[in-house]
Amino acid sequence: PVIGAGTWADARVAVSATGDGEAFLRAHFAGRVALLVEHGRGVAAAADDGLELVRQRGGTGGCIALAADRTWAMPVTTTALRRGLAIDGEPPRVAVFPEDELTPV
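Residues numbered from 1 in each chain as written. Predicted model: local features only at pLDDT ≥ 70, side-chain atom pairs only at ≥ 80, totals over all residues. Heavy atoms only, no water.

Engineer: Tell me what's going on with the pattern of salt bridges, and back it up with residues and numbers.
Structural biologist: For the structure shown, the criterion picks out five salt bridges. A salt bridge links Arg93 to Glu90; the shortest N-O distance between them is 3.2 Å. Overlapping salt bridges, with partners in common, bring together Asp10, Arg12 and Glu38 in one network. (Salt bridge = Lys/Arg side-chain N within 4 Å of Asp/Glu carboxyl O.)

Here you go:
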């Protein structure tokens, strides 16, 4: 992963993305999500905005984004993308398809 495109972490947010790499590079996806969060955008809205820009650049993919305030997002624009979440004291949750809710395993 290229810092700024597919990965980013700072004091406010951590982002990890996968998909059509060139589109993520051109969108400066992960860095853009971090910048939006820095300027007050919620992590889910920031990730959605970033993926819209990736789509405009001809790409699809998805990401996991976690903000310092413990909010998170896992938007997906592909037909399938495995993703999961583990929060202390809760059962792990997983999903595969974009329309899937994260379900306990």
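Engineer: Explain the packing of aromatic side chains to me, and be specific about the residues and the numbers.
Structural biologist: Scanning the model with the defined rule gives one aromatic pair in all. For the pair Phe24 and Phe29, a centre-to-centre distance of 5.0 Å together with 70 degrees between the ring planes defines the contact as edge-to-face. A residue is classified by how much of its surface remains accessible, and Phe29, at 0% relative accessible area, is buried. (Phe/Tyr/Trp six-rings, centres within 6.5 Å; stacked < 30°, edge-to-face > 60°. Buried < 20%, exposed > 50% of the residue type's maximum accessible area, 1.4 Å probe, protein only.)

Engineer: Which residues make up the pairing of strand β3 (residues 61-67), and what values go with them?
Structural biologist: Counting buried positions along β3 gives five out of seven residues, so the element sits mostly inside the fold. As judged from the seven bridges shared by strand β2 (residues 13-19) and β3, these two strands associate in the antiparallel manner. Residue Val15 lies in a different strand from β3, and its bridge partner there is Ala65. Across two bridges, β3 lies against strand β4 (residues 72-73) in antiparallel orientation. (Helix = DSSP H or I, 4+ residues; strand = E, 2+ residues; numbered from the N terminus. Pairing = 2+ DSSP bridges.)

Engineer: Residue-level account of the sheet that holds strand β6 (residues 93-95), with values.
Structural biologist: Judged by pairing direction, the sheet is antiparallel, and its three strands sit side by side in the order β5-β6-β7 without closing on themselves. Of all the strands in the sheet, just β5 (83-85) and β7 (103-104) have a single pairing partner and so form its edges. Taken together, the two bridges between β6 and β7 define a ladder with antiparallel strand orientation. If you follow Arg93 over to β7, its bridge partner there is Pro104.

That's the geometry; what it means functionally is another story.
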